[in-house]
Amino acid sequence: MGLTEELVTWSHEQKCRKAVESLGKHGFIAVYCQTPQEAFDYIVSEAVDAGSIGFGGSMTISGLKVEAQLREQGKEILNHGNHALSLEERLGIMRRQLTCDLFLAGCNALTLSGELINIDATGNRVASMFFGPRKVIVVAGRNKLVDGSAQDAIKRVRNWATPPNAKRLNFKTPCATTGFCSDCNSPERLCRVTTIIDRKPRFTDVRVLVVNADLGL
Ligand code: SF4
(Lines give C-alpha, C1' and ligand atoms only; values in the text may rest on other atoms or scores of the structure.)
Protein backbone atom coordinates (compact mmCIF):
# COMPACT_ATOMS: atom_id res chain seq x y z
CA MET A 1 0.00 0.00 0.00
CA GLY A 2 1.46 3.40 -1.01
CA LEU A 3 1.55 6.36 1.36
CA THR A 4 -1.50 8.07 -0.21
CA GLU A 5 -3.59 4.94 -0.01
CA GLU A 6 -2.45 4.38 3.56
CA LEU A 7 -3.51 7.90 4.56
CA VAL A 8 -6.86 7.58 2.78
CA THR A 9 -7.49 4.28 4.55
CA TRP A 10 -6.52 5.82 7.90
CA SER A 11 -8.81 8.80 7.32
CA HIS A 12 -11.72 6.52 6.43
CA GLU A 13 -11.00 4.37 9.45
CA GLN A 14 -11.50 7.33 11.79
CA LYS A 15 -14.90 8.06 10.21
CA CYS A 16 -15.94 4.40 10.31
CA ARG A 17 -14.96 4.18 13.98
CA LYS A 18 -16.89 7.37 14.74
CA ALA A 19 -20.02 5.82 13.18
CA VAL A 20 -19.44 2.60 15.15
CA GLU A 21 -19.14 4.58 18.38
CA SER A 22 -22.35 6.51 17.65
CA LEU A 23 -24.24 3.34 16.73
CA GLY A 24 -23.09 1.76 20.01
CA LYS A 25 -24.52 4.72 21.93
CA HIS A 26 -27.80 4.11 20.10
CA GLY A 27 -28.02 0.52 21.33
CA PHE A 28 -26.76 -1.31 18.24
CA ILE A 29 -24.01 -3.87 18.29
CA ALA A 30 -21.68 -2.17 15.84
CA VAL A 31 -18.39 -3.55 14.60
CA TYR A 32 -15.57 -1.95 12.64
CA CYS A 33 -14.25 -4.20 9.85
CA GLN A 34 -10.94 -3.29 8.26
CA THR A 35 -11.72 -5.41 5.19
CA PRO A 36 -14.71 -7.06 3.46
CA GLN A 37 -13.20 -10.41 4.51
CA GLU A 38 -13.73 -9.46 8.17
CA ALA A 39 -17.39 -8.74 7.43
CA PHE A 40 -17.68 -12.08 5.61
CA ASP A 41 -16.18 -13.92 8.62
CA TYR A 42 -18.46 -12.12 11.07
CA ILE A 43 -21.57 -13.05 9.08
CA VAL A 44 -20.55 -16.69 8.76
CA SER A 45 -19.88 -16.97 12.49
CA GLU A 46 -23.18 -15.27 13.41
CA ALA A 47 -25.07 -17.58 11.04
CA VAL A 48 -24.04 -20.73 12.93
CA ASP A 49 -27.37 -21.15 14.72
CA ALA A 50 -29.55 -19.76 11.90
CA GLY A 51 -31.64 -22.20 9.87
CA SER A 52 -33.03 -19.68 7.39
CA ILE A 53 -31.21 -16.67 6.01
CA GLY A 54 -32.87 -13.83 4.12
CA PHE A 55 -31.14 -11.60 1.61
CA GLY A 56 -32.42 -8.07 1.21
CA GLY A 57 -31.32 -7.56 -2.38
CA SER A 58 -28.13 -5.65 -1.77
CA MET A 59 -25.09 -5.10 -3.99
CA THR A 60 -23.02 -4.83 -0.81
CA ILE A 61 -24.09 -8.24 0.46
CA SER A 62 -23.80 -9.93 -2.92
CA GLY A 63 -20.31 -8.39 -3.26
CA LEU A 64 -19.23 -10.18 -0.08
CA LYS A 65 -20.06 -13.51 -1.79
CA VAL A 66 -21.33 -14.99 1.44
CA GLU A 67 -24.39 -16.72 -0.03
CA ALA A 68 -22.50 -19.66 -1.56
CA GLN A 69 -20.72 -20.34 1.72
CA LEU A 70 -23.97 -20.34 3.71
CA ARG A 71 -25.71 -22.51 1.11
CA GLU A 72 -22.85 -25.00 1.38
CA GLN A 73 -23.46 -25.14 5.13
CA GLY A 74 -27.04 -26.30 4.48
CA LYS A 75 -28.80 -23.06 5.37
CA GLU A 76 -32.15 -22.29 3.81
CA ILE A 77 -31.43 -19.32 1.55
CA LEU A 78 -34.27 -16.85 1.01
CA ASN A 79 -33.17 -14.71 -1.91
CA HIS A 80 -35.80 -13.23 -4.22
CA GLY A 81 -33.20 -11.90 -6.66
CA ASN A 82 -33.36 -14.75 -9.16
CA HIS A 83 -35.07 -13.34 -12.25
CA ALA A 84 -36.16 -16.81 -13.34
CA LEU A 85 -38.70 -16.66 -10.47
CA SER A 86 -42.24 -15.48 -11.12
CA LEU A 87 -43.50 -12.37 -9.35
CA GLU A 88 -45.64 -14.53 -7.05
CA GLU A 89 -42.62 -16.66 -6.16
CA ARG A 90 -40.52 -13.58 -5.46
CA LEU A 91 -43.21 -12.06 -3.24
CA GLY A 92 -43.52 -15.37 -1.39
CA ILE A 93 -39.80 -15.33 -0.61
CA MET A 94 -39.97 -11.69 0.49
CA ARG A 95 -42.77 -12.56 2.92
CA ARG A 96 -40.77 -15.44 4.34
CA GLN A 97 -37.76 -13.15 4.80
CA LEU A 98 -39.88 -11.24 7.32
CA THR A 99 -39.67 -14.17 9.75
CA CYS A 100 -36.28 -15.66 8.91
CA ASP A 101 -33.61 -16.40 11.52
CA LEU A 102 -31.01 -14.06 10.07
CA PHE A 103 -31.58 -11.22 7.62
CA LEU A 104 -28.69 -9.65 5.71
CA ALA A 105 -28.99 -6.20 4.22
CA GLY A 106 -26.94 -3.32 2.95
CA CYS A 107 -27.61 0.26 3.92
CA ASN A 108 -28.14 3.24 1.62
CA ALA A 109 -26.57 5.71 4.04
CA LEU A 110 -25.21 5.82 7.56
CA THR A 111 -24.67 9.08 9.40
CA LEU A 112 -21.64 9.57 11.61
CA SER A 113 -24.11 10.27 14.40
CA GLY A 114 -25.47 6.73 14.13
CA GLU A 115 -28.62 6.74 11.98
CA LEU A 116 -29.37 4.19 9.26
CA ILE A 117 -31.15 5.64 6.23
CA ASN A 118 -32.75 3.53 3.54
CA ILE A 119 -35.04 4.10 0.59
CA ASP A 120 -36.99 1.25 -0.99
CA ALA A 121 -39.42 0.81 -3.83
CA THR A 122 -41.20 -2.26 -2.47
CA GLY A 123 -40.39 -1.86 1.22
CA ASN A 124 -39.65 -5.52 1.88
CA ARG A 125 -36.01 -4.87 2.67
CA VAL A 126 -36.58 -2.05 5.14
CA ALA A 127 -39.48 -3.90 6.81
CA SER A 128 -37.23 -6.88 7.54
CA MET A 129 -34.54 -4.59 8.92
CA PHE A 130 -36.44 -3.55 12.04
CA PHE A 131 -38.97 -6.25 12.98
CA GLY A 132 -39.57 -9.88 12.17
CA PRO A 133 -36.23 -11.65 11.69
CA ARG A 134 -34.58 -12.90 14.88
CA LYS A 135 -31.30 -11.28 13.95
CA VAL A 136 -30.37 -8.64 11.38
CA ILE A 137 -26.89 -7.82 10.12
CA VAL A 138 -26.55 -4.58 8.17
CA VAL A 139 -23.33 -4.02 6.26
CA ALA A 140 -22.29 -0.47 5.36
CA GLY A 141 -19.21 0.31 3.29
CA ARG A 142 -17.28 3.52 4.02
CA ASN A 143 -18.80 5.12 0.94
CA LYS A 144 -22.19 5.10 2.72
CA LEU A 145 -21.04 7.38 5.53
CA VAL A 146 -22.58 10.84 5.70
CA ASP A 147 -21.20 13.60 7.88
CA GLY A 148 -24.52 15.36 8.31
CA SER A 149 -28.15 14.94 9.25
CA ALA A 150 -30.62 12.25 8.22
CA GLN A 151 -31.99 14.72 5.67
CA ASP A 152 -28.49 15.14 4.20
CA ALA A 153 -28.28 11.34 4.01
CA ILE A 154 -31.60 11.13 2.16
CA LYS A 155 -30.24 13.65 -0.36
CA ARG A 156 -27.11 11.53 -0.74
CA VAL A 157 -29.18 8.44 -1.50
CA ARG A 158 -31.45 10.23 -3.96
CA ASN A 159 -28.60 11.87 -5.85
CA TRP A 160 -25.81 9.32 -5.67
CA ALA A 161 -27.29 5.87 -5.12
CA THR A 162 -30.71 5.80 -6.75
CA PRO A 163 -29.86 7.23 -10.21
CA PRO A 164 -27.22 4.57 -11.03
CA ASN A 165 -29.46 1.93 -9.46
CA ALA A 166 -32.37 3.03 -11.64
CA LYS A 167 -30.07 2.89 -14.66
CA ARG A 168 -28.76 -0.56 -13.67
CA LEU A 169 -32.28 -1.92 -13.25
CA ASN A 170 -33.50 -0.23 -16.43
CA PHE A 171 -36.22 1.74 -14.65
CA LYS A 172 -37.79 4.57 -16.61
CA THR A 173 -37.22 7.37 -14.16
CA PRO A 174 -35.81 10.84 -14.92
CA CYS A 175 -32.75 10.16 -12.74
CA ALA A 176 -31.83 7.12 -14.83
CA THR A 177 -31.22 9.57 -17.70
CA THR A 178 -30.00 12.74 -15.98
CA GLY A 179 -28.17 11.27 -12.97
CA PHE A 180 -30.02 13.72 -10.69
CA CYS A 181 -33.13 13.32 -8.56
CA SER A 182 -36.07 15.48 -9.61
CA ASP A 183 -38.45 14.10 -6.94
CA CYS A 184 -40.35 12.52 -9.80
CA ASN A 185 -43.85 11.16 -9.89
CA SER A 186 -42.92 8.49 -12.39
CA PRO A 187 -44.94 5.24 -12.34
CA GLU A 188 -41.57 3.51 -11.96
CA ARG A 189 -40.37 5.77 -9.15
CA LEU A 190 -37.99 3.82 -6.89
CA CYS A 191 -38.23 6.12 -3.87
CA ARG A 192 -41.43 5.02 -2.17
CA VAL A 193 -40.50 4.07 1.39
CA THR A 194 -37.90 6.06 3.33
CA THR A 195 -36.80 4.86 6.77
CA ILE A 196 -34.58 6.32 9.46
CA ILE A 197 -33.57 3.77 12.08
CA ASP A 198 -32.12 6.00 14.77
CA ARG A 199 -32.06 3.59 17.72
CA LYS A 200 -31.90 -0.20 17.93
CA PRO A 201 -35.49 -1.44 17.56
CA ARG A 202 -36.65 -2.80 20.92
CA PHE A 203 -37.14 -6.46 20.07
CA THR A 204 -34.77 -7.01 17.18
CA ASP A 205 -31.10 -7.89 17.43
CA VAL A 206 -29.67 -5.48 14.84
CA ARG A 207 -25.93 -5.48 14.24
CA VAL A 208 -24.12 -3.08 11.95
CA LEU A 209 -20.79 -3.80 10.31
CA VAL A 210 -18.99 -0.69 9.11
CA VAL A 211 -16.38 -1.70 6.56
CA ASN A 212 -13.35 0.34 5.51
CA ALA A 213 -13.94 -0.35 1.81
CA ASP A 214 -16.26 0.97 -0.87
CA LEU A 215 -19.20 -1.44 -1.12
CA GLY A 216 -22.26 -1.04 -3.30
CA LEU A 217 -23.56 2.29 -4.58
S1 SF4 B 1 -37.62 10.36 -6.69
FE2 SF4 B 1 -37.59 9.67 -8.85
S3 SF4 B 1 -35.98 10.93 -9.81
FE4 SF4 B 1 -35.68 11.05 -7.58
S5 SF4 B 1 -34.17 9.45 -7.16
FE6 SF4 B 1 -36.23 8.60 -6.79
S7 SF4 B 1 -36.76 7.59 -8.71
FE8 SF4 B 1 -35.06 8.99 -9.17
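To start, this report covers the structure provided alongside it.

About the criteria used
- Residues numbered from 1 in each chain as written.
- Predicted model: local features only at pLDDT ≥ 70, side-chain atom pairs only at ≥ 80, totals over all residues.
- Heavy atoms only, no water.
- Helix = DSSP H or I, 4+ residues; strand = E, 2+ residues; numbered from the N terminus.
- Rg over C-alpha atoms; globule rule 2.2 N^0.38 Å.
- Buried < 20%, exposed > 50% of the residue type's maximum accessible area, 1.4 Å probe, protein only.
- Contact = heavy atoms within 4.5 Å.
- Pairing = 2+ DSSP bridges.
- Axes fitted to C-alpha atoms, helices over the stretch in contact; angles between N-to-C directions.
- Near = heavy atom within 4 Å.
- Nonpolar A, V, L, I, M, F, W, Y, C, P; charged D, E, K, R; others polar.
- Salt bridge = Lys/Arg side-chain N within 4 Å of Asp/Glu carboxyl O.

### Points about the overall build of the protein
Looking only at helices and strands, one finds eight helices and ten strands in the protein. Rg of the C-alpha trace for the protein: 17 Å, near the compact-globule value of 17 Å for 217 residues, within the 12% margin. Along the longest, intermediate and shortest principal axes, the C-alpha atoms of the protein span 50 × 45 × 35 Å. Going through the 217 residues of the protein one by one, you find that 50% of them count as buried. In the protein, of all internal contacts separated by at least 6 residues, the share reaching a separation of at least 24 is 72%.

### Regarding the sheet that holds strand E6 (residues 116-120)
Spatially, the four strands line up as an open sheet ordered E8-E5-E6-E9, and their pairing is mixed. Pairing within the sheet leaves two strands with one partner each, and these edge strands are strand E8 (145-146) and strand E9 (193-197). By the bridge criterion, two bridges tie strand E5 (residues 109-111) to E6 in an arrangement that is antiparallel. Residue Leu110 lies in a different strand from E6, and its bridge partner there is Leu116. Against the sheet, helix H7 (residues 150-168) makes contact with E5, E6, E8 and E9, and its axis sits at roughly 40° relative to E6, the strand it touches most.

### Here we look at the site of the ligand
Every residue near the ligand is listed here: Arg158, Thr162, Thr173, Cys175, Cys181, Ser182, Asp183, Cys184, Arg189, Leu190 and Cys191. Taken together, the residues of the shell around the ligand break down into five nonpolar, three polar and three charged.

### Observations regarding the pattern of salt bridges
As enumerated under the stated definition, the model contains twelve salt bridges in all. Residue Glu67 pairs with Arg71 through a salt bridge whose shortest N-O separation is 2.6 Å. Here Glu67 and its partner Arg71 are both found in helix H4 (residues 67-72), four residues apart, which amounts to about one turn of the helix. Judged by its relative accessible area of 23%, Glu67 falls in the partly exposed class.

### Remarks on unusual backbone geometry
The residue Lys65 is not glycine, and still its phi comes out positive at about 60°. With respect to the helices, strands and loops of the structure, Lys65 is situated in the loop between helix H3 (59-64) and H4. Judged by relative accessible area, Lys65 falls into the exposed class, the value being 63%. One non-glycine residue with positive phi stands out, namely Asn170, at about 65°. By the secondary structure assignment, Asn170 is in the loop between H7 and helix H8 (174-178). Classification of Asn170 by relative accessible area gives exposed; the value is 59%.

### Overview of the sheet that holds strand E2 (residues 52-55)
Judged by pairing direction, the sheet is parallel, and its six strands sit side by side in the order E1-E10-E7-E4-E2-E3 without closing on themselves. A single partner strand is all that each edge strand has here, and the edge strands are strand E1 (29-33) and strand E3 (76-79). With direction set aside, neighbouring strand axes in the sheet form an average angle of 20°.

### Digging into the pairing of E6
It is a general feature of regular strands that their side chains alternate between the two faces of the sheet. The buried fraction of E6 amounts to five of the five residues, a majority that puts the element mostly inside the structure. With burial as the criterion, each face of E6 is covered, one bearing Leu116, Asn118 and Asp120 and the other bearing Ile117 and Ile119. The turn joining E5 and E6, which pair antiparallel and follow one another in sequence, is formed by four residues; a positive phi near 90° is taken by Gly114. Pairing geometry for E6 and E9, over five bridges, is antiparallel. Note on E9: the bridge partner recorded for Asn118 is Thr195.

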